[in-house]
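Residue-level listing of the chains:
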Amino acid sequence: MGGAQDELSAVFHALADPTRRAMLSRLRVGPATVGELAEPFAMSRPAISQHLGVLERAGLIERTATAQWRTCTLRTEPLDEASAWVELHRGEWNERFDLLAEHLRTMKEGPK
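Cut-off values and rules
- Numbering of residues starts from 1 in each chain and follows the order in which that chain's sequence is written.
- Reporting of local features is limited, given that this is a predicted model, to residues whose pLDDT is at least 70; pairs of side-chain atoms are given and counted only at 80 or more, and all residues count toward the totals for whole chains, interfaces and linings.
- Where side-chain values are given, they derive from all heavy atoms of the structure, hydrogens and water being excluded.
- Only strands that DSSP links by at least two bridges are regarded as paired with each other.
- Each helix is a run of H or I in the DSSP string that is no shorter than four residues. Each strand is a run of E no shorter than two, and both are numbered from the N terminus.
- Remark: exposure states derive from per-residue accessible area (1.4 Å probe, protein chains only) relative to the maximum for the residue type, with buried under 20%, exposed over 50%, and partly exposed in between.

**Some points on the pairing of strand 2 (residues 61-66)**
- Across six bridges, the pairing between strand 2 and strand 3 (residues 69-74) is antiparallel. Paired with Thr64 across the bridge in strand 3 is Thr71.
- Connecting strand 2 to the next strand, strand 3, in antiparallel fashion are two residues, including Ala67 with a positive phi near 55°.

Shown next as structure tokens:
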């Protein structure tokens, strides 16, 4: 699988963790320092840094340094790409669920 698929895997991996999703939700209202992002979580700075690294590698955040402050900013392009992928496949999934529901209904009714 190519680079685009690998990038999508990184986005879904990043979104799989509730701490990282909470960090992204916080960044929706605007940039935040690492300290502001870490505040609600009872975890070590290295653990926070690991979470931010996963988000950064997935392209979901951008980290910048200004003087002693490290600021994180949300990048929405990878989320748009993940959403587009889900939408592309939604019709197929719905069709398969409909077929499964019909099959289960005929199994429940038994042979005629």
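**Thoughts on the environment of Glu77**
- Along the polypeptide, Glu77 turns up in helix 5 (residues 77-109).
- With a relative accessible area of 41%, Glu77 lands in the partly exposed category.
- C-alpha separation for the pair Glu77 and Gly59, spaced 18 residues apart in sequence, amounts to 8.2 Å.

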